[in-house]
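Observations on the three-dimensional arrangement
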Amino acid sequence: MNVSELEWQLKDWKFKAYEDNEWLTAQVPGCVHTDLLRNKLIPDPFVGTNEKQLQWIDRKDWEYATEFNVPPELLAHTKLELVFEGLDTYADVYCNDVEILSANNMFRTWVIDVKPYVKAEGNTIRIRFRSPIQEGLTKLAALGYPLPATNDDSKTGELGEQKVSIFSRKAPFHYGWDWGPRFVTSGIWKNVYLRGWSGNVVRDLFIRQDAVTADTAKLTAILEIESDVTGEAELKLVTDRGQSWSTQVNLTKGLQVVELAVVIDRPTLWWSRGLGEPNLYTFDATIVHEGVETARKSVRTGLRSVKLIRKPDAHGTSFYFEVNGVAVFAKGANHIPNDSFVTEVTEQRYRHEVASAAESNMNMLRIWGGGIYELDIFYDLCDEYGILVWQDFMFACSMYPGDQAFLDNVRAEAVDNVRRLRNHASIALWCGNNEIDGAWAHYIEEGGWGWKKDYTKEQRDKIWADYEAIFHHILPDVVGSLSPEIDYWPSSPMQTLTNSVAQHATNDSKHGDVHFWAVWHASEPFENYKNNIGRFMSEYGFQSFPEEKTVRTYAAENEMALDSEVMLHHQKNGRGNFLIKEYSEKYMKEPKDFVSFLYMSHVLQAEGMKMAIESHRRAMDYCMGTLYWQMNDCWPVASWSSMDYYGRWKAIQYYAKRSFRDVLVSIDQNEDSVDIHLVSDLQRSIAGNVQWKLYDFAGGLLKQGSEAVKLAAGSAIKSLSLSASGLLGENNPNQSVLVVELVEGDAVLDRKEHYFAYSKFLELATDPGVIVQEVAGSEGTRFELSSTQLAKQVWLQTEVEGIFSDNFFDLIPGVPVTVQFLKRDVNGAAFAPASPERIEVKSMVDFC
Ligand code: BMA
């Protein structure tokens, strides 16, 4: 904070429905829904079908207010500002009954000069939040025709076909999504405070990274200074690693931009996870005027160069990220908001998510465009854990209006957020929107999601021109001028901006990124992941249910059935339960009851995602990224997530951890050919052995072999092909398992099992005889597991919330597995070794 600057939080808020008289206690940051809940005026929105009864809330106007006295030291400043870091969304703000702001964008920050309006004592701030639904309906009527918004759940919102989400700059998922409920919130969702300053302030400090190499970092420190005084001042810039620079500044009244060239020799670079340490620097700028330090601002960043490399190659056009000149295969997932009520997400929950990504060997998260530009803490954590961020602007699966007021609002929002986030080392890409280029498919008459047919030629041209204004002009302009070192990509997925048919992505695009959804939405088999691979897979996914413990938070005992009203309500994808069942019948054994079905859905999802992830990795360098849909949930629900709303890891999270390992053994059977692939993201070569062993389910070793291999840095090879029939001979394919290890010296770099039949057909012993033994000296934190018969998909459960170093793995007799328990949220750490107290062990036979 600036030296001559004082920030003072506005507290003690109260709220009420606008037409009511009785005030209730409010929590700020927060929203109407959570305030009503805390006042016990509504039932828990996530339980049962309560969502349906709570739709009245968004139809009303709401009022928030507080009263305050201004401390003398604050009032003494020559400037006094009221800062709202975020207002959701239509907010008319009154200070002592004078209207000082009419806000209309959840994603903007509002700063108002309130010096003329406040006094020492007895001030009030009143905010009238106008209903975003009524606002939307008015705008819809004015436009005269609807705009498509596929996931806007207007029916649950009791609006029939009237989709109003697109008219408001507000988190799209608030209006419902195919994994989320409809809760259209209003409220003060970020900090609100008074800020006083005198003399001058540093409004913004940007460390622009003009050219960063291992030898030198050429940077420009760009300061936006606002001054109330004139004269010569000194600007000093120091880092926490001991460098310093300074320059003279001629202060003028008002806003001025000062640039300072900064060169750091042999910089300690920031690396994404897997390549090196995510080293960070703090830059601290101070202004010294007339011998006194008058203003100060600190920012933290990591020195790195990050680029999206799209250049023609033998196949089409590459699409990969390069960090400090090193090509990175992106491994990760898509992130959605962690809560329908975004103010409920604590720092711990954010830490749990980002640490889970790192623990799962990921190096990238995509912040998907239907949620929010995340809070600063999210990016701080990504910076610290070395997780690259693909950042969408908040537009998804809809067409948007294009009147001047809307466009200006979008530009202002982009400016606010790019400025806020541009010092984060983790930000690797700005992307215009989610799936709109392909959904509208302007250049293919019959293409896209069938939206165009509802419009006249004139309307279509207008809608597309409005699209282009935002995604081909405004947003790239803002990124280009405010964060020029980071690339912009107009829409995910897309091929190349050609203004022709070639622009729109297809499942077999040779340029750009691909969202592949034919597995799941079109019921295609998992195997089709293998032959639908693009240059960068930014979405694909498969649903599962949350685990029993989580289901029981929203369903009562008599609702524990797939087709109960509550279970159907907590499945927002129309065909979702049907699809899980259909695929489960193809690949899995029949679950013996509802709870078993939940388990089977986890394993099913995990098997599918393994097939996808590993196909993508085997296709390196052609394919250079794989981000599955989706990392997390915003409420307890059946969805494509890998951790549920409570952060509980599903089987897929453990599978992802294994399939994302920097060195991977991947086994792929095509008819009789069992192909053993090796993939390495290491920057060094590997000289080792591939050792394979064929076992029966009682642990009898049937055959084995070994072959020396060399694996170059950052490469994928097919190292060996075996014949399934040759391997199996007379042995029962439903009772045989192939185990393959890549060994270098004494180290097993990776190990995988391969079966010759789907899980459904495996002949499993009814009692695999699993034994769990505490590892001596581990203080109850490590365990060795072994079995007398093959145990498939061993699931370790605990009451204590945490994760195991591995879970949902197979046990082969004679091949024990050691795991460690990591408890959640221990003294500020996401995970720490601890005792799980009691472990419950089950495997597939217990569920069928
Ligand atoms: C993609 C995403 C989301 C959606 C998911 C599952 O289209 O971008 O819009 O939730 O698929 O359908």
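Residues numbered from 1 in each chain as written. Predicted model: local features only at pLDDT ≥ 70, side-chain atom pairs only at ≥ 80, totals over all residues. Heavy atoms only, no water.

In the annotation of an unreviewed UniProt entry, the chain is listed under the name Beta-mannosidase B and assigned to Candidatus Cohnella colombiensis. In its Subunit (unreviewed entry) section, the UniProt entry covering the chain states "Homodimer." In its Pathway (unreviewed entry) section, UniProt records this for the chain: "Glycan metabolism; N-glycan degradation." (UniProt positions renumbered as here; feature names shortened; annotations may be inferred.)

Remarks on the packing of helix H5 (residues 347–359) against helix H6 (residues 376–385)
Two elements in contact, H5 and H6, have axes whose closest approach is 10 Å; the angle formed by their N-to-C orientations is 30 degrees. Relative to H6, H5 is oriented so that their crossing is right-handed. Note on element contacts: H6 touches H5 through Ile377, Phe378, Leu381, Cys382, Glu384 and Tyr385, opposite Glu347, Tyr350, Arg351, Glu353, Val354, Ala355 and Ala358. Per-class residue counts for the contact of H5 with H6 are nine nonpolar, no polar and four charged. (Axes fitted to C-alpha atoms, helices over the stretch in contact; angles between N-to-C directions. Helix = DSSP H or I, 4+ residues; strand = E, 2+ residues; numbered from the N terminus. Left-handed = near helix turned anticlockwise from the far one by under 90°. Contact = heavy atoms within 4.5 Å. Nonpolar A, V, L, I, M, F, W, Y, C, P; charged D, E, K, R; others polar.)

Some remarks on the site of the ligand
Around the ligand, the neighbouring residues are Trp177, Asp178, Trp179, Trp368, Cys397, Asn434, Glu435, Trp517, His521, Glu539, Trp629 and Trp640. Contact between the ligand and Glu435: an oxygen atom at 2.6 Å from a side-chain N or O atom of the residue. Protein contact buries 95% of the 300 Å² of open area that the ligand shows by itself. Residue contributions to the shell around the ligand reach at least three from each of two domains, namely domain 1 (5–193) and domain 3 (329–390 + 506–659). (Near = heavy atom within 4 Å. Polar contact = N/O pair within 3.5 Å; in protein donor to acceptor, adjacent residues only side chain to side chain. Areas by Shrake-Rupley, 256 points an atom, 1.4 Å probe, with all protein chains shown as cover. Domains from an automatic or database assignment.)

Some details on the pairing of strand E26 (residues 364–367)
Neither face of E26 is exposed, since Met364 and Arg366 on one face and Leu365 and Ile367 on the opposite face are all buried. Examined bridge by bridge, strand E25 (residues 330–335) and E26 share four bridges and lie parallel to one another. Counted as the bridge partner of Gly332 is Met364 from E26. In terms of handedness, the path from E25 via H5 over to E26 forms a crossover that is right-handed. With four bridges connecting them, E26 and strand E27 (residues 388–392) associate as parallel partners. The residue of E27 that forms the bridge with Arg366 is Trp390. Handedness of the β-α-β unit built from E26, H6 and E27 comes out right-handed. (Buried < 20%, exposed > 50% of the residue type's maximum accessible area, 1.4 Å probe, protein only. Pairing = 2+ DSSP bridges. Right-handed = clockwise from strand over helix to strand, strands pointing away.)

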